[in-house]
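Observations on the model geometry
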Amino acid sequence: MRHPIFFAALAGCAIALAGCGGKDAQATRALKSVNAIDETNLSDIMLTVGDPQEAVNYFTRTAGENPDRIDLQRGLAKSLVRNNQPDQAVKAWTKLVAMPEATNDDRVGLADAQMRAGDWADAEATLNTIPPTFETFERYKLEAMVADSKKDWKKADSFYDTASGLTTRPGPVLNNWGFSKLTRGDAKGAEKLFAEALTYDPTSFTSKNNLVLARAAQRKYDLPVVEMNQNERAHLLYTAALSAIKQGDVTIGKGLLQDAIDTSPVYFEEASRALEALEAGSKKG
């Protein structure tokens, strides 16, 4: 990603400094400060709005040229996660946490990458190296996921509850908590959490879909009163229909499939195929 005005301004500063004394120590120090600002801004850009692969290329090059710069090593590790390269990210984070300046946040970053790579045992071991006094949203979110993976529901609930209280945007973690409740058979508890998640992010289709699943698991097939457009409504009806059919409520499922087809602003192929298959099965029966 190019920012010509930003870099032109920096280049202008460098030229001005060079013209005011050449080898003068003060000018040299000022030029170093400008370069540091340049690097900091470019690193931030690469980790936020830059193309993920370009960010990996940038940090691979700059971290390789400055192996002792922990900020660049951190940028490389984060960019690999952002570019969906968890295995490589684990290697980068492992190298980083071995550096003397590594922080507990860096260890949390390593645990996150290990989970993304499917190394749950290693992630748990990494989290265990972090003192219990280090209390952050990211740390407790990961602790909850580890507890979930071990079906330690009591710990999972405790960690999810703590994590949700440590952020102003708890929607995603409430959604994860709700899905945990749903998988262990607590559909009512899951419904409550998905509904709460939507109060923080009314646009999350994942939470809307999960809310429909939780209600359907209780044989409540009517759609909840949440913000949705016509396309979302059609897909939520489809979700409810499949849940009804799976639970043996075939007649209700057929009606919901027809509603989904009628509601969809475009041809709903999946719903149409499902309805045709059900009707064909009924005729054979």
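Residue positions are given per chain, counted from 1 along the sequence in the order it is written. Per-residue local features of the predicted model are confined to residues with pLDDT of at least 70, and side-chain atom pairs are confined, for both listing and counting, to 80 or more; whole-chain, interface and lining totals are unaffected and use all residues. Just so you know, side-chain values use all the structure's heavy atoms and leave hydrogens and water out.

What follows concerns the layout of surface pockets. Each pocket or cavity is described by its volume, and for the largest pocket that value is around 380 Å³. The method works on a 1 Å grid over the protein atoms by themselves. A cavity is a set of points holding a 1.4 Å probe that cannot get out, a pocket is an open set with protein on both sides within 12 Å along at least five of seven lines, and residues with an atom within 4 Å of a point line them. Considering the residues around the largest pocket, the lining is formed by 16 residues, among which K78, W93, G109, D112 and E138 are closest to the centre. Of all the secondary structure elements, the ones that give two or more residues to the lining of the largest pocket are α4 (70–82), α6 (104–116) and α8 (137–149). It is α6 that provides the largest number of residues to the lining of the largest pocket, a total of 6 residues. Looking at side-chain class alone, the lining of the largest pocket contains 4 nonpolar, 3 polar and 9 charged residues. Grid points are joined across faces, edges and corners, and a volume is the space filled by probe spheres set on the points. Secondary structure counts use DSSP, requiring at least four H or I residues in a row for a helix and at least two E residues in a row for a strand, with both numbered from the N terminus. Residues were grouped as follows: Ala, Val, Leu, Ile, Met, Phe, Trp, Tyr, Cys and Pro as nonpolar; Asp, Glu, Lys and Arg as charged; and all remaining residues, including Gly, as polar.

Each nonpolar core is a collection of buried residues, namely Ala, Val, Leu, Ile, Met, Phe, Trp, Tyr and Cys, held together in the definition by side-chain atoms within 4.5 Å. Per-residue accessibility, obtained with a 1.4 Å probe over protein chains only, is compared with the maximum for each type, and a residue is labelled buried under 20%, exposed over 50%, and partly exposed between these values. Judged by nonpolar contacts, the single largest core of 23 residues is most densely connected at M46, F59, L76, L80, A89, W93 and A113. If we skip the residues at most four places from it in the chain, A89 touches A77, L80, V81 and A113. Within the second largest apolar cluster, 19 residues are counted, among which are V212, A240, L256 and A260. In what follows, a contact means two residues having at least one pair of non-hydrogen atoms within 4.5 Å.

Looking now at unusual backbone geometry. Although it is not a glycine, N84 sits at a positive phi angle of roughly 60°. Along the polypeptide, N84 turns up in the loop between α4 and α5 (86–97). On the basis of relative accessible area, N84 is assigned to the exposed category, the value being 65%. You will see that K151, though not glycine, has its phi angle at about 60°, which is positive. Counting through the fold element by element, K151 comes out in the loop between α8 and α9 (153–164).

Stacked, tilted and edge-to-face are the three classes applied to pairs of Phe, Tyr and Trp rings, where Trp contributes its six-membered ring and a pair requires centres within 6.5 Å; stacked means planes under 30 degrees apart, edge-to-face means over 60, and tilted covers the rest. Inspection of every chain in the model, using the stated rule, returns 4 aromatic pairs. Aromatic side chains Y58 and F59 sit 4.9 Å apart centroid to centroid with 70° between the ring planes, which places their arrangement in the edge-to-face category. Accessibility assignment for this pair places Y58 and F59 in one class, buried. Taken together, a centroid distance of 6.0 Å and an interplanar angle of 15° make the contact between Y160 and W177 stacked.

With respect to the helices, strands and loops of the structure, I245 is situated in helix α13 (residues 230–246). When its relative accessible area of 22% is taken as the criterion, I245 is described as partly exposed. Taking the C-alpha atoms as reference, I245 lies 9.8 Å from L256; in sequence the two are 11 residues apart.

A word on the pattern of salt bridges. Any carboxyl oxygen of Asp or Glu that lies within 4 Å of a side-chain nitrogen of Lys or Arg is treated as forming a salt bridge with it. Taken as a whole and judged by the stated rule, the model has 15 salt bridges. One salt bridge connects D157 with R184, and the closest N-O pair in it is separated by 2.9 Å. Taken together, the residues D157 in helix α9 and R184 in the loop between α10 (171–183) and α11 (187–200) connect sequence positions 27 residues apart. Among the salt bridges present, the one from R219 reaches D249, with a minimum N-O distance of 3.0 Å. Residue R219 is found in the loop between α12 (205–216) and α13, and its partner D249 is found in the loop between α13 and α14 (250–263); the two are separated by 30 residues along the sequence. When salt bridges with common partners are traced through the structure, they connect D157, K181, R184 and D186 into a single cluster.

By this rule, a helix spans an expected 1.5 Å times one less than how many residues it contains. The end-to-end C-alpha separation of α13 is 25 Å, in line with the 24 Å expected for 17 residues at 1.5 Å each. Considered for burial, the residues of α13 that qualify are E232, A234, L236, L237, Y238, T239, A240, A241, S243 and A244. Think of a polar contact as two N or O atoms within 3.5 Å of one another; within protein, one of them needs to be a possible hydrogen donor and the other a possible acceptor, and neighboring residues in sequence only count if both atoms come from side chains. The distance from a side-chain oxygen at the start of α13 to the backbone nitrogen of N231 is 3.1 Å, and the residue carrying that oxygen is N229.

Here we come to the side chain of T263. Position of T263 among the secondary structure elements: in helix α14. Taking relative accessible area as the criterion, T263 reaches 17% and is therefore assigned buried. Of the polar contacts made by the side chain of T263, one reaches the backbone oxygen of D259; its length is 2.7 Å.

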